[in-house]
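# Remarks on the overall topology
Chain residues, written in single-letter form:
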Amino acid sequence: MTWVLLRGLMREQRHWEDFPARLAAAYPDERILTPDFPGNGSRWQETSPTRISAMTDFLREELKRENADQQPVSVIAISLGGMVATDWMP
């Protein structure tokens, strides 16, 4: 299983602080991903998408790059990340 943690507008993976490490300690056999959306965090030089659907498309591609698109995924999302997660649901 993979956990995907999604932050809100103008936030990046650093804003999770120690939560990913604590989650990993609770679920040691599971993967924790904290992708930054374009325009934020490690992707600050990229152009931010202006539509939720474009952020969802980015997330799908990111999970493919991480080889996490063919397994169960649990999502924890805040604010804009929650909107992307909702759009992502089948």
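Scope of this entry: the structure provided in the associated data block.

Criteria and thresholds
Residues numbered from 1 in each chain as written. Predicted model: local features only at pLDDT ≥ 70, side-chain atom pairs only at ≥ 80, totals over all residues. Heavy atoms only, no water. Buried < 20%, exposed > 50% of the residue type's maximum accessible area, 1.4 Å probe, protein only. Helix = DSSP H or I, 4+ residues; strand = E, 2+ residues; numbered from the N terminus. Pairing = 2+ DSSP bridges. Right-handed = clockwise from strand over helix to strand, strands pointing away. Core = buried A, V, L, I, M, F, W, Y, C linked by side-chain atoms within 4.5 Å. Contact = heavy atoms within 4.5 Å. Axes fitted to C-alpha atoms, helices over the stretch in contact; angles between N-to-C directions. Polar contact = N/O pair within 3.5 Å; in protein donor to acceptor, adjacent residues only side chain to side chain. Phe/Tyr/Trp six-rings, centres within 6.5 Å; stacked < 30°, edge-to-face > 60°. Lys NZ or Arg CZ within 6 Å of the ring centre and 35° of its normal.

### Considering the pairing of strand E1 (residues 2-6)
- E1 sits mainly inside the fold: five of its five residues count as buried.
- Residues Thr2, Val4 and Leu6 point to one face of E1 and Trp3 and Leu5 to the other, with burial holding for every one of them.
- Bridging between E1 and strand E2 (residues 31-33) involves three bridges; their strand directions are parallel. What sits directly across from Trp3, in E2, is Ile32.
- Of the crossover connections in this fold, the one passing from E1 over helix H1 (residues 19-26) to the parallel E2 is right-handed.
- Relative to strand E3 (residues 73-77), E1 runs parallel, the two sharing five bridges. From the neighbouring strand, Trp3 faces E3, where its bridge partner is Ser74.

### Quick word on the nonpolar core
- Counting residues in hydrophobic clusters, the biggest one holds 13 residues, and the most contacted among them are Val4, Leu6, Phe37, Leu59 and Leu63.
- For this core, the elements supplying multiple residues, two or more each, are E1, helix H2 (52-65) and helix H3 (80-88).
- Contact partners of Phe37, with chain neighbours within four places excluded, come to Leu6, Arg7, Arg43, Met55, Phe58 and Val84.

### Structural notes on the sheet that holds E1
- Spatially, three strands are ordered E2-E1-E3 in an open sheet, and the strand pairing comes out parallel. Each edge of the sheet is formed by a strand with only one pairing partner; in this case those strands are E2 and E3. If you compare each strand with its neighbour and ignore which way they point, the axes differ by 20 degrees on average.
- Set on the sheet, H3 makes contact with E1 and E3; between it and E3 the angle comes to about 145 degrees.

### So, the side chain of Glu62
- In this structure, Glu62 sits in helix H2.
- In this structure Glu62 comes out as buried when scored by relative accessible area, which is 12%.
- A distance of 2.9 Å separates polar atoms of two side chains, one belonging to Glu62 and the other to Arg43.
- Here the side chain of Glu62 touches Arg65 through a polar contact of 2.6 Å, side chain to side chain.
- Once you skip the residues sitting within four places of it in the chain, Glu62 turns out to touch Pro35 and Arg43.

### Observations regarding the packing of aromatic side chains
- Tallied over the entire structure, the rule returns three aromatic pairs.
- Aromatic pair Trp3 and Tyr27: ring centres 5.2 Å apart, planes at 40 degrees, arrangement tilted. Placement of the pair is Trp3 in strand E1 and Tyr27 in the loop between H1 and E2, with a sequence separation of 24 residues.
- In this arrangement the basic side chain of Arg7 is found over the ring face of Trp16, its NZ or CZ atom lying 5.0 Å from the centre.

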